[in-house]
Amino acid sequence: MSLAEELARQQRSISVAEFFERNKHLLGFDSPTRGIITTIKEAVDNSLDACEEAGVLPDIFIAIRKQSGDVFRIIVEDNGPGIVPRQIPFVFGKLLYGSRFHQIRQSRGQQGIGISAAVLYAQLTTGIPTVVISRTGADRPALRFELQIDVATNEPDIVSQQEIDWDRTHGTRIQIEFRSTLAARKRLVEYLKYTSVVNPHARILLELDDETVLFDRVSDEVIACAQAIRPHPHGIEIGQLRRMLAPGSGSLEDFLSANFSRVGAKTAREICTRAGLPGDRDAASLTAEEQKRLIDAMQEVKIPAPPVTQCLSPIGEELITQSLEKEFQMDFVRARTRPGSVFSGHPFIIEAAIGYGGKLPAEGNAQIMRFANRVPLMYQQGACAITQAIAGMNWKNYAIPQAGLPTGPLLILVHVASTSVPFTSESKDAIAAIPEIEREIVLALQDLGRDLKLFLSRRDRNRLQEDRARAVCAILPDLAAKVAEIVEQPLPDISPIEGKVMKRLVARKRTGGGDVVIELANYTAHPATLSLYSISADAADDAQPPPDFVTRLDDEYTKVWQITIGPGESWQTRFSGTGGGTLEVRGIDPRQIVVVDQDA
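Residues numbered from 1 in each chain as written. Predicted model: local features only at pLDDT ≥ 70, side-chain atom pairs only at ≥ 80, totals over all residues. Heavy atoms only, no water.

Draft legend 1. Expanded view of the overall build of the chain. When helices and strands are tallied, the chain shows 15 helices and 24 strands. By residue count, 48% of the 600 residues in the chain fall in the buried class. Here the analysis covers contacts within the chain between residues at least 6 apart in sequence; of these, 70% occur between residues at least 24 apart. Taken as a whole, the chain presents about 28,500 Å² of accessible surface, with 49% of it coming from carbon and sulfur. (Helix = DSSP H or I, 4+ residues; strand = E, 2+ residues; numbered from the N terminus. Buried < 20%, exposed > 50% of the residue type's maximum accessible area, 1.4 Å probe, protein only. Contact = heavy atoms within 4.5 Å. Areas by Shrake-Rupley, 256 points an atom, 1.4 Å probe, with all protein chains shown as cover.)

Printed below as a string of structure tokens:
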């Protein structure tokens, strides 16, 4: 037997399941640490998509429970429409099987790989079948499947199937067991937190060991599910055109009008004329050369962009802002949604947000949150077009220090919504460097950067004014006392002078002779209703007037007075104590308050 014949005997076709079993890193299962996050990500994506298609607010339950050794059980349960029994084995037990691959619209899942890849990973690491429970209505029974994948054929292997009692009237539950580790526990919680930010209509409950974490919804409005559109002529390629030119396509003009977005009778005639082809020609009879001419003409004719509002579902500036304020405490947050745009015939929308200050880390690089079709991108940040666009901007123009990436207490969110997100790999971790996308990201961030610069300049100006006002309040009483001593006259009332200088509400605390005195003076032109907080080791049992309520934590007492003080009026309380602690005024504009702690 010759060498060629021997080599020929070894050659055979492989199934897609076998390919991905040996190349699981392509799907995000490159390590046990990442396996849990990828599995939950795929299951949650499916749940969110299903709930949106059914028009229900998503309630998603996630549980992670350690079994024996390094085996973990992952449970994801939703209140979606459920899956019809005959489809369950194929959805979870066959790779490249799904309903969205041929639809041109925004969706989280597209290729039909994600959740079936998790099933494949489970049987590869533990050999334990995946359990799926689904119910499509209260009048129908719940079905429980145990599934695996026949790697050689990429077909589902049903281990068992039975009807069971289930308390949900509709929904789906998947239970997967595989070898993994919770070393990335922090990143897992971060992923769900980020998911909550860009899915403000969803409620996600996580049970992890003995800890329960709830990411509640901020909107009770069901988002409009994106509608599928036809392909746009500017995004078509010769191979796709040839598949579409099947027998029975009709005349060339009718074929173009019926199969492409934004192509009417007039545009179809213009394309045919540009290609030098008769409009009544049988579309299926075009030769290879004529097909190439038709493709060229389709690219040359000016055709309106695809209907972005129909096929995309952006989050919206208000909901992005509300979601960020729910999860992060910041001094400044703004969001922008750019107008729809197109790359290679694929519509897309860029949404961005910037947050600053508050409890964000003051040191290090800015916190970057990347999303594609409402899904967080947790890995390969450096290879992503979003990161490259951020790093390519001159942030010093917006009063933000920069060392490659911007630094300081800064949060940057970018969401790419598209009918075809150009990922760099099947694991969908990073967005490719498409010039049109990068340009829109930069434009959105530049717009937000100008808002941030204005906020920072106003903040610095207000801070300077507040420092000056505090200095005046601290110095005037001492100055008046010294002048009275020198001229040997009684201490004058400096309130008119202080009011003329300040024009604010002044809160002053001083301690002397075993007493603590807190005074308020309203030098504004309007009445003020406020809450006065004094936190110290003093119980203030003898305070006059007494606080409205007092709470104790360890050795400190938080005393709160609810006060209404008219313009030009003053208020005072006195109690025995040693002073110290902090004084705070809440309920009115901070720019109208000056707090002077003479004990500090």
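Draft legend 2. Region of interest: the nonpolar core. Ranked by size, the top nonpolar core spans 62 residues in total, and within it Ile40, Ile64 and Leu324 carry the most contacts. When residues in this core are grouped by element, the largest group, 7 residues, is from helix 5 (residues 114-125). With residues near it in sequence (within four places) discarded, Ile64 still touches Ile36, Ile40, Phe72, Arg73, Ile74, Leu182, Leu188, Leu206, Glu207, Leu208 and Asp209. Judged by nonpolar contacts, the second largest core, of 36 residues, contains Ile354, Val421, Ile437 and Leu452. (Core = buried A, V, L, I, M, F, W, Y, C linked by side-chain atoms within 4.5 Å.)

Draft legend 3. A look at empty space enclosed by the protein. Tallying each qualifying case throughout the model produces 3 cavities of 30 Å³ or more. Quantified by volume, the second largest cavity comes out at close to 90 Å³. In this structure, the second largest cavity is lined by 13 residues; those nearest its centre are Asp49, Glu52, Gln106, Ser107 and Arg108. Residues of the lining of the second largest cavity, tallied by class, amount to 3 nonpolar, 4 polar and 6 charged. (1 Å grid on protein atoms, 1.4 Å probe; cavity = no way out; pocket = protein on both sides within 12 Å on 5 of 7 lines; lining within 4 Å. Points joined across faces, edges and corners; volume = space filled by probe spheres on them. Nonpolar A, V, L, I, M, F, W, Y, C, P; charged D, E, K, R; others polar.)

Draft legend 4. Looking closely at the pattern of salt bridges. Across all of its chains, the model carries 26 salt bridges by this definition. A salt bridge links Glu300 to Arg274, with the nearest nitrogen and oxygen atoms 3.4 Å apart. You can see Glu300 sitting in helix 10 (residues 288-300) and its partner Arg274 sitting in helix 9 (residues 265-275), a full 26 residues away along the chain. Judged by its relative accessible area of 44%, Arg274 is partly exposed. The partner of Glu584 in a salt bridge is Arg586, with the nearest N and O atoms 2.8 Å apart. (Salt bridge = Lys/Arg side-chain N within 4 Å of Asp/Glu carboxyl O.)

Draft legend 5. Local environment of the side chain of Asp538. Mapped onto the fold, Asp538 is located in the loop between strand 19 (528-536) and strand 20 (549-553). No salt bridge is formed by the buried Asp538. Its closest oppositely charged neighbour is Lys559, at 5.8 Å. Among the polar contacts listed, one links the side chain of Asp538 to the backbone nitrogen of Gly579, at a separation of 3.0 Å. Dropping the residues within four chain positions of it, Asp538 is found in contact with Val516, Tyr557, Lys559, Phe575, Ser576, Gly577, Thr578 and Gly579. (Lys, Arg positive; Asp, Glu negative; His and termini not counted. Polar contact = N/O pair within 3.5 Å; in protein donor to acceptor, adjacent residues only side chain to side chain.)

Draft legend 6. A look at the sheet that holds strand 22 (residues 570-576). Taking strand neighbours across the sheet as the criterion, the 4 strands line up as 22-18-17-24 in an open arrangement whose pairing is mixed. The open sheet has two edge strands, strand 22 and strand 24 (593-597), and neither has a second partner. Pairwise comparison of adjacent strand axes, ignoring direction, gives a mean angle of 10 degrees for this sheet. Relative to strand 22, strand 18 (residues 515-522) is paired through 7 bridges, and the arrangement is antiparallel. Bridged to Val516 within strand 22 is Phe575. (Pairing = 2+ DSSP bridges. Axes fitted to C-alpha atoms, helices over the stretch in contact; angles between N-to-C directions.)

Draft legend 7. The packing of aromatic side chains, seen in detail. Applying the stated criterion across every chain, the model contains 8 aromatic pairs. Grouping aromatic residues by their ring pairs yields a cluster made of Trp561, Trp571 and Phe575. Over the ring of Phe328 we find Lys193, and its NZ or CZ is 4.3 Å from the ring centre. Cation over ring: Arg586 sits above Tyr533, and NZ or CZ is 4.0 Å from the ring centre. (Phe/Tyr/Trp six-rings, centres within 6.5 Å; stacked < 30°, edge-to-face > 60°. Lys NZ or Arg CZ within 6 Å of the ring centre and 35° of its normal.)

Draft legend 8. The packing of helix 3 (residues 32-54) against helix 6 (residues 185-198), seen in detail. At a closest axis distance of 10 Å, the pairing of helix 3 and helix 6 adopts a crossing angle of 20 degrees. Between helix 3 and helix 6, the crossing angle belongs to the class labelled roughly parallel. Of the two possible hands of crossing, helix 3 and helix 6 adopt the one that is right-handed. Here Ile36, Ile37, Ile40, Lys41, Val44, Asp45 and Leu48 of helix 3 come into contact with helix 6, specifically with Arg187, Leu188, Tyr191, Leu192 and Thr195. Taken together, the residues that form the contact of helix 3 with helix 6 break down as 8 nonpolar, 1 polar and 3 charged. (Parallel < 35°, antiparallel > 145°, perpendicular 65-115°, else oblique. Left-handed = near helix turned anticlockwise from the far one by under 90°.)

Draft legend 9. Inspection of the sheet that holds strand 1 (residues 59-66) at higher detail. If you trace the 8 strands from one edge of the open sheet to the other, you get 5-4-3-6-2-1-7-8, paired in mixed fashion. On the outer flanks of this sheet lie strand 5 (155-164) and strand 8 (211-215), each paired with one strand and no other. Each strand of the sheet is rotated relative to its neighbour by a mean of 15 degrees, with strand direction disregarded. Across 6 bridges, the pairing between strand 1 and strand 2 (residues 71-78) is antiparallel. In the strand pairing of strand 2, Ile64 is matched with Ile74. Contacts from helix 3 reach strand 1, strand 2 and strand 6 (171-179) within the one sheet, and its direction differs from that of strand 2 by about 15 degrees. Set on the sheet, helix 5 makes contact with strand 3 (130-135), strand 4 (142-150) and strand 6; between it and strand 6 the angle comes to about 35 degrees.

Draft legend 10. Geometry of the packing of helix 8 (residues 252-259) against helix 9. The geometry of helix 8 relative to helix 9 is characterised by a closest axis approach of 9 Å and an angle of 125 degrees between their N-to-C directions. Here helix 8 lies oblique to helix 9, going by the angle between them. As helix 8 packs across helix 9, the resulting crossing turns out to be right-handed. Contacts from Leu252, Glu253, Leu256 and Ser257 of helix 8 reach helix 9 at Ala265, Ala268, Arg269, Ile271 and Cys272. The residue inventory of the contact of helix 8 with helix 9, partitioned by class, reads 6 nonpolar, 1 polar and 2 charged.

Draft legend 11. Fine view of the pairing of strand 1. Two elements, strand 1 and strand 7 (residues 203-208), share 6 bridges in a ladder whose sense is parallel. In the sheet register, Ala63 faces strand 7, and the bridge partner there is Glu207. The antiparallel hairpin formed by strand 1 and strand 2 contains 4 residues in its connecting segment, where Gly69 sits at a positive phi of about 65 degrees.

Draft legend 12. Highlighting helix 10. For helix 10, spanning 13 residues, the distance from its first C-alpha to its last is 19 Å, which sits close to the expected 18 Å at 1.5 Å a residue. For helix 10, the elements touching its buried residues are helix 7 (238-244), helix 8 and helix 9. (Expected span 1.5 Å × (residues − 1).)

Draft legend 13. Quick peek at the environment of Asp429. Looking at the element boundaries, Asp429 is found in the loop between strand 16 (410-418) and helix 14 (435-487). Classification of Asp429 by relative accessible area gives buried; the value is 4%. Through-space distance from the C-alpha of Asp429 to that of Phe371 is 9.5 Å; in sequence the pair is 58 residues apart. Setting aside residues up to four positions removed in sequence, Asp429 forms contacts with Arg34, Arg370, Leu377, Tyr379, Gln380 and Phe423.

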